[in-house]
Amino acid sequence: MNLAAATNENLAHTSNVLIYSSMAVYTLAFFAHIAEWVFGSRSKVGRTAAALTGAEAQGVGASVKVQVAQQGGGTAVLERPKIITRSAAGTRDVPDGPGAAGGTFKGDLYGRMAISMTVLAFLVQAGGVIARALSVQRAPWGNMYEFSITFSTVAVAAYLTLLALKKNVRWMGLLLVTTVLLDLGIATTVLYTSSDQLVPALHSYWLWIHVSTAIICGAVFYIGAVATLLYLFRDSYESKLANGGQPGSFAQSVLSRLPAAATLDKFSYRINAAVFPLWTFTIIAGAIWAGDAWGRYWGWDPKEVWSFITWVAYACYLHARATAGWKGRKAAYLALIAFGCWLFNYYGVNIFVTGKHSYAGV
């Protein structure tokens, strides 16, 4: 039977066009986010908002309004951003920064434009993933190219969901869009594989269950890793201020607008803790599928081994967070190591290691 003949080439081509189109829109969102950070940093209102933030940290009253423009006798009034103080045992009682827009109208405008373009790019990219699936009438996760384009789609979906839930995560937008562009760039150049049918071993409903949960876990782990990395930078910034030091211009411009280190730390912990049970289920589902496909539940295949190593790394991180001496930076390093294990399990094992999971190629 000629399996390649079952591929709908028109839909496969449509999928490629949609993926490339989403990259173009993500690029526009990238520049809009850059503008958001730039105007939030350089504008007079941004500096004023930052000063007000610091003033509240010293006990100054919270009901302050800033006049930012007067045109034709009218006055535009900007409410100072809400600053929510988060604190935990062993952490500083520091207010959150005003966000990427720096409390400015212009920065906020570009930020909203960036979010709008990210939503549009997400819809186009999701259309590309769906068209890829329809072109061969199967789940679009049969090789690394398909996994990559789906992974970044789910990562953006998780980010937009948090925004829809009114979570303060817009500071993540620039890093997210940059990562998505890198992911799609690698997928379309290095990992691209023509749309085709799967080998018989993959024709199972477990493909939908096991691989979909793996993608969701990776996307959420990625968001947790971004927050953890930014926590380390923000924590260093706060430590320098607490010790009477003078942070550099980059720290004053960028890090001062991020959420407090305690907020980032708590956010990353909750994200990782929430998705860890799903990662556990992913490994169990993979074992059940292996039993159906290969007649054994566990065979120390490289992919199985590194999935388990990733599980152990995140389990150690969560255990460390429950131990008084392993909060903050030490636990954050563990979280980044755990995400590094997940990345190696995906890229390193698939590309450099031969095993039963290698039959799909890249």
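Reading the values: the criteria
- Residues numbered from 1 in each chain as written.
- Predicted model: local features only at pLDDT ≥ 70, side-chain atom pairs only at ≥ 80, totals over all residues.
- Heavy atoms only, no water.
- Helix = DSSP H or I, 4+ residues; strand = E, 2+ residues; numbered from the N terminus.
- Buried < 20%, exposed > 50% of the residue type's maximum accessible area, 1.4 Å probe, protein only.
- Areas by Shrake-Rupley, 256 points an atom, 1.4 Å probe, with all protein chains shown as cover.
- Phe/Tyr/Trp six-rings, centres within 6.5 Å; stacked < 30°, edge-to-face > 60°.
- Bend = angle between axes of the 7 residues up to and from the residue.
- Contact = heavy atoms within 4.5 Å.
- Axes fitted to C-alpha atoms, helices over the stretch in contact; angles between N-to-C directions.
- Parallel < 35°, antiparallel > 145°, perpendicular 65-115°, else oblique.
- Left-handed = near helix turned anticlockwise from the far one by under 90°.
- Nonpolar A, V, L, I, M, F, W, Y, C, P; charged D, E, K, R; others polar.
- Salt bridge = Lys/Arg side-chain N within 4 Å of Asp/Glu carboxyl O.
- Core = buried A, V, L, I, M, F, W, Y, C linked by side-chain atoms within 4.5 Å.
- pLDDT = per-residue confidence, 0-100.

Once that is clear, we can look at the overall build of the chain. The helix and strand tally for the chain stands at 10 helices and four strands. Listing the helices and strands of the chain from first to last along the sequence gives α-α-β-β-β-β-α-α-α-α-α-α-α-α. A total of 362 residues make up the chain; the buried ones form 49% of that total. Summing over all exposed atoms, the chain offers an accessible surface of approximately 17200 Å²; the carbon and sulfur share of this is 65%.

Under the counting rule described, the total for this entry stands at 18 aromatic pairs. Pairing Tyr-145 with Tyr-192 gives two aromatic rings, centres 4.9 Å apart and planes at 75°, and the pair type is edge-to-face. Placement of the pair is Tyr-145 in helix H4 (residues 144–164) and Tyr-192 in the loop between helix H5 (173–189) and helix H6 (205–242), with a sequence separation of 47 residues. Residue Tyr-145 is classed as buried on the basis of its relative accessible area, which comes to 1%. A relative accessible area of 33% places Tyr-192 in the partly exposed class. Pairwise contacts between aromatic rings join Phe-147, Phe-151, Tyr-222, Phe-339, Trp-342, Tyr-346 and Tyr-347 into one cluster.

What follows covers helix H10 (residues 329–352). Approximately 35° is the largest bend angle found in H10, and it occurs at Phe-344. Along H10, the residues classified as buried are Ala-331, Ala-332, Ala-335, Ala-338, Phe-339, Cys-341, Trp-342, Asn-345, Tyr-346, Gly-348, Val-349 and Asn-350. Taken together, the buried residues of H10 touch H4, H6, helix H8 (261–294) and helix H9 (302–321).

Further remarks concern the packing of H4 against H6. Relative orientation of the contacting elements H4 and H6 amounts to 55°, with a least axis distance of 8 Å. The angle between H4 and H6 places the two elements in the oblique class. In terms of crossing hand, the pair formed by H4 and H6 is right-handed. Of H6, the residues touching H4 (which contributes Phe-147, Thr-150, Phe-151, Val-154, Ala-155, Ala-158, Tyr-159 and Leu-162) are Val-211, Ile-215, Ile-216, Gly-218, Ala-219, Tyr-222 and Ile-223. The residue makeup of the contact of H4 with H6, split by class, is 13 nonpolar, two polar and no charged.

With that out of the way, let us pick up the pattern of salt bridges. Evaluation of the coordinates by the stated rule reveals eight salt bridges. In this structure, Asp-265 and Arg-321 form a salt bridge, with 2.9 Å as the shortest nitrogen-oxygen distance. Highlighted residues: Asp-265 in helix H8 and Arg-321 in helix H9, separated in sequence by 56 residues. Overall, the relative accessible area of 11% leaves Arg-321 in the buried class.

With respect to the helices, strands and loops of the structure, Lys-330 is situated in helix H10. For Lys-330, a relative accessible area of 47% puts it in the partly exposed group.

This part takes up unusual backbone geometry. Even without a glycine there, the phi angle at Gln-137 is positive, about 55°. You can see Gln-137 is positioned in the loop between helix H3 (105–136) and H4. One non-glycine residue with positive phi stands out, namely Lys-166, at about 65°. Residue Lys-166 is classed as exposed on the basis of its relative accessible area, which comes to 75%.

One finds Tyr-26, Trp-171, Phe-221, Tyr-222, Phe-267 and Trp-342 to be the most contacted residues of the largest nonpolar core, which totals 82 residues. If one sorts the elements of this core by residue count, H6 sits on top with 18 residues. In contact with Phe-267, other than residues within four places in its own chain, are Leu-162, Val-169, Trp-171, Met-172, Ile-223 and Ala-227.

Structurally, Ala-287 can be placed in helix H8. Note on Ala-287: relative accessible area 17%, which makes it buried. Placed 12 residues apart in sequence, Ala-287 and Gly-299 show a C-alpha to C-alpha distance of 9.3 Å. Apart from residues no more than four positions distant in its own chain, Ala-287 is found in contact with Arg-296 and Tyr-297.

Of the residues in the chain, 80% have a pLDDT of 70 or more, and the chain-wide mean is 82. Counting interchain partners and residues more than four positions distant, the pLDDT-below-50 stretch residues 1–5 has four contacts. Within the model, the stretch residues 43–89 combines pLDDT values under 50 with 67 contacts to residues more than four positions away or in other chains.

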